[in-house]
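Residues per chain, in single letters:
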Amino acid sequence: MPELPEVEAVRREIAPAMQGARFEHVLLRRANLRIPFPRNFAGRLEGQLVEALTRRGKYLLAGLSSGETLIIHLGMSGSFDVDRDGAAGGLERDGGRHDHVVFDMSSGATVIFNDPRRFGLMDIAARGRLERYPALRAMGPEPLSPEFAADILARACRGRKVSLKVALLDQRVVAGLGNIYASEALHRAHLSPRRRASTLATAGGAPREGARRLAAAIKAVLNDAVERTMSDDYRSSRFRVYDRAGAACPTRGCAGTIKRIVQAGRSTFYCATCQR
Ligand SMILES: [Zn+2]
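Here the residue numbering is sequential within each chain, running from 1 through the sequence in written order. Confidence filtering applies because this is a predicted model: local features only for residues at pLDDT of at least 70, side-chain atom pairs given and counted only at 80 or more, and all residues used for totals across whole chains, interfaces and linings. Excluding hydrogens and water, the side-chain values take into account all heavy atoms of the structure.

Engineer: Which residues make up the coordination of the zinc ion, and what are the values?
Structural biologist: Note: metal donors comprise N, O and S atoms at 2.8 Å or less from the metal (3.2 Å for Na, K and Ca); water molecules are not included, so apparent gaps in a site are possible. Taken together, the protein ligands of the zinc ion are Cys249 (SG), Cys254 (SG), Cys271 (SG) and Cys274 (SG), with distances of 2.3 Å. Any coordination sphere not matching a tetrahedral pattern (four donors, all angles between 85 and 135 degrees) or a square planar or octahedral pattern (four or six donors, opposite donors over 155 degrees apart, other angles between 65 and 115) is reported as irregular. Taken together, the four donor atoms coordinating the zinc ion and their angles of 104 to 116 degrees define a geometry best described as tetrahedral. Expressed as a motif, the donor residue spacing for the zinc ion is C-x4-C-x16-C-x2-C. Residue Cys249 is found in the loop between α7 (209-230) and β9 (258-263), and its partner Cys274 is found in the segment after β10 (266-271); the two are separated by 25 residues along the sequence. With a relative accessible area of 14%, Cys274 lands in the buried category. A run of H or I in DSSP becomes a helix once it reaches four residues, and a run of E becomes a strand once it reaches two; helices and strands are each numbered from the N terminus. Working definition: with a 1.4 Å probe on protein chains only, accessible area under 20% of the residue-type maximum means buried, over 50% means exposed, and in between means partly exposed.

Quick look at the structure:
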């Protein structure tokens with residue numbers, strides 16, 4: 001399941017082909033992915049300029065010159081290929097069996113959406129409706145935005161009685177964080193995943209020291225992961241704790257061992273010695 005870093009890496013890879021370019025032709029090979037494509041999908045895209053390709057949590061957002069916004073989620077198995085020579089190539093690959101959407105862009109590139117399991121989605125928010133789009137409306141702060149810092153994280157955790165790990169998976173607390181990077185960030189911040197989320201803030205909602213460490217750790221872990229995803233050592237042994245139960249803790253000077261526990265039905269990996 002792609003988390004924020006994988007989605008951000010996809011954004012950076014397809015942005016040169018799409019940003020500042022017009023949709024010349026849109027080919028839909030099916031009526032739906034996880035949900036049906038919106039009415040007149042191709043017609044609402046063709047001729048429109050992509051003014052900006054941004055990301056919100058795990059969603060890609062293409063702002064169109066019409067004022068509408070193309071919303072894309074990769075689901076479990078969605079991916080994009082960019083054929084820079086246009087036409088040919090990508091269309092033939094895989095017999096096109098899982099190539100469900102093909103964008104011919106005025107940049108000369110063909111951008112192909114492939115999704116074998118079809119949990120992805122593409123939708124269009126009408127002009128002025130993006131803020132009210134259900135999946136985006138309640139979404140919490142964007143961790144890679146310049147504004148994201150201890151005060152924002154503390155405010156989001158204030159009064160929450162759930163564990164810190166469970167809070168981090170809540171998209172209303174932080175947008176786009178998933179199971180892997182929640183464990184990684186907590187280890188980097190030396191905070192126990194079992195700690196109550198509310199302990200990051202004072203009663204008045206001001207950030208405590210833990211909030212400072214965690215906000216910085218979230219940014220660092222996500223930025224590292226974006227870089228690694230875009231380079232060739234993707235999926236090499238890059239995690240500090242995730243899926244490393246029984247391994248020695250990588251914290252310098254710590255003699256602890258990584259443990260696996262289950263919180264809200266999901267695996268958490270951490271070191272009980274240096275994460276408090
Ligand atoms: Zn440790």
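Let's pick the thread back up.
Engineer: Help me get a handle on the sheet that holds strand β8 (residues 121-125), residues and values and all.
Structural biologist: As summarised here, the arrangement of the four strands in space is β2-β3-β4-β8, forming an open sheet in which the pairing is antiparallel. The sheet is open, and its two edges are formed by β2 (50-56) and β8, each paired on a single side. Strand after strand, the sheet turns through a mean of 20 degrees between neighbouring axes, direction not considered. Bridge count between strand β3 (residues 59-64) and strand β4 (residues 69-73): five bridges; the pairing is antiparallel. Its bridge partner lying in β4, Tyr59 is registered against His73. Against the sheet, helix α1 (residues 4-18) touches β2 and β3, its axis set at about 175 degrees to β2. Two strands are counted as paired when DSSP detects at least two bridges linking them. An axis is simply a line fitted to the C-alpha atoms; with a helix, the fit covers only the stretch in contact. Between two such axes, the angle follows the N-to-C directions and lies from 0 to 180 degrees. We call two residues in contact whenever any of their non-hydrogen atoms come within 4.5 Å of each other.

Engineer: Which residues make up the side chain of Arg55, and what are the values?
Structural biologist: Its location among the elements puts Arg55 in strand β2. Here Glu8 takes part through its side chain, which lies 2.8 Å from a polar atom of the side chain of Arg55. Polar contact criterion, stated in full: a pair of N or O atoms within 3.5 Å, where within protein one must be able to donate a hydrogen and the other to accept it, and residues adjacent in sequence count only if both atoms are side-chain atoms. Among the polar contacts made by the side chain of Arg55, one reaches the side chain of Glu142 at a distance of 2.5 Å. Apart from the residues within four sequence positions on either side, Arg55 is in contact with Leu4, Val7, Glu8, Arg11, Leu60, Glu142 and Leu144.

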